[in-house]
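# Working through the structure, step by step
Here is how the chains run, residue by residue.
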Amino acid sequence: RSKGVVWRRGMSPGEEGEYYAARQLCKLDDSKFFIINDLLFHKQNRLTCQIDHIVVSQSGVFVIETKNIYGYIRGSEKSVLWRSYWKDGRDLAFDNPILQNEAHINALSEKLGVGRRIPYYSIIAFTPTAELQVSVHNASVVYWTQLRDIIRSHKDVSLTIEEARSLYNEIAALNITDSEVRSNHGQQANTRKINYEQKKNTALDNGKCPKCGGNLVRRTSAYGAFYGCSNYPNCKYTHRAL
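Reference entry: report on the structure contained in this document. In this text the structure is predicted, and so the values were computed from the model without any measurement. (Residues numbered from 1 in each chain as written. Predicted model: local features only at pLDDT ≥ 70, side-chain atom pairs only at ≥ 80, totals over all residues. Heavy atoms only, no water.)

### What about the side chain of S122?
Worth spelling out the cut-off: Secondary structure counts use DSSP, requiring at least four H or I residues in a row for a helix and at least two E residues in a row for a strand, with both numbered from the N terminus. Burial classes: relative accessible area under 20% of the type maximum marks a residue as buried, over 50% as exposed, and values in between as partly exposed (1.4 Å probe, protein chains only). Under the rule applied, a polar contact is a pair of N or O atoms within 3.5 Å (in protein, one hydrogen donor and one hydrogen acceptor; residues adjacent in sequence only if both atoms are side-chain atoms). By definition, residues are in contact when any of their heavy atoms lie within 4.5 Å.
Assignment of secondary structure puts S122 in strand β7 (residues 120-126). Taking relative accessible area as the criterion, S122 reaches 13% and is therefore assigned buried. For S122, the side chain forms a polar contact with the side chain of N101, separated by 2.9 Å. Contact partners of S122, with chain neighbours within four places excluded, come to V63, N101, I105, A139 and S140.

### So, the environment of Y237
Inspection of the secondary structure puts Y237 in the loop between β11 (224-229) and β12 (238-240). Here the alpha-carbon distance between Y237 and S79, two residues 158 residues apart in the chain, equals 8.4 Å. The contacts of Y237, once residues within four sequence positions are left out, are L81, R83, K200, L204, C209, P210, K211, L216, Y227, G228 and C229.

### Quick word on the pairing of β11
To be explicit about the condition: Two strands form a pair only when DSSP identifies at least two bridges running between them.
For strand β10 (residues 216-221) and β11, the ladder comprises six bridges, and the chain directions are antiparallel. Directly across from R219, in β11, lies its bridge partner F226.

### Observations concerning the sheet that holds β10
This is how it is decided: Note on geometry: axes are C-alpha line fits, over the in-contact stretch for helices, and angles between N-to-C directions span 0 to 180 degrees.
Taking strand neighbours across the sheet as the criterion, the three strands line up as β10-β11-β12 in an open arrangement whose pairing is antiparallel. Every interior strand has two partners, whereas the edge strands, β10 and β12, have only one. Going from strand to strand, the sheet's axes swing by 35 degrees on average, the running direction of each strand aside.

### What to know about the sheet that holds strand β8 (residues 130-135)
Judged by pairing direction, the sheet is mixed, and its four strands sit side by side in the order β6-β5-β4-β8 without closing on themselves. Every interior strand has two partners, whereas the edge strands, β6 (91-95) and β8, have only one. Adjacent strand axes in the sheet meet at a mean angle of 20 degrees when their direction is disregarded.

### Quick word on the pattern of salt bridges
Let me state the cut-off plainly: A side-chain nitrogen of Lys or Arg and a carboxyl oxygen of Asp or Glu constitute a salt bridge if their distance falls within 4 Å.
Enumeration according to the criterion identifies four salt bridges in this entry. In this structure, R83 engages D91 in a salt bridge whose closest nitrogen and oxygen atoms are separated by 2.6 Å. Here the two residues R83 and D91 agree in accessibility, since each one is buried. A salt bridge links R152 to D149; the nearest nitrogen and oxygen atoms lie 3.3 Å apart. One end of the pair is R152 and the other is D149, both in helix α3 (residues 147-152) and three residues apart, which spans about a single turn.

Everything listed here is a matter of coordinates, which is why it stays silent on function.
So this is what it looks like as structure tokens:
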């Protein structure tokens, strides 16, 4: 049931998160819920898209993005970046996983056919050791341990069991197993991450907002000192002061 996600030594934090989420999903009733882990497929523009987990049921298609990130997680639905704050004062900025998952759903919907009446549900699953302090309305942001409950809570029936199984087979057939293509996808993702970090650090060194280019202004809050963008509220970028 957790095909495509197996435990091995030297896993990255992201791979480890996918493994534990897959273990939760494999406990769903396999006569009603059809699971695909680590789906990699070609988008319409031939670039690749990777989705951590998909669950197909009579309610529709659940698209799941896992995040193995610790600390106090803060962010809003439309902010470009979310942040994780640690007790030792460090913080980590990462891409808004809701926007990331919306892009995944759009790519999958385009591949399957936009005109089809398939309900899609976005779920972001964090490690249980994180403390979620996010403002979200149109997606489910939960812990790995809540995955099964949130999926089973959807009672609407949009597909027959035969249609759900057929849709699962259709999505599974998109999966790319070629090791070279998968390796290239990972390398491209790492390159984008490195380029982003380089641009971000250059902007911060110059006292500029890496999101919009505005000036960073030192401010204080109940959580301590931080730098905020001078273009607030149009830009809500923040960076923890050292």
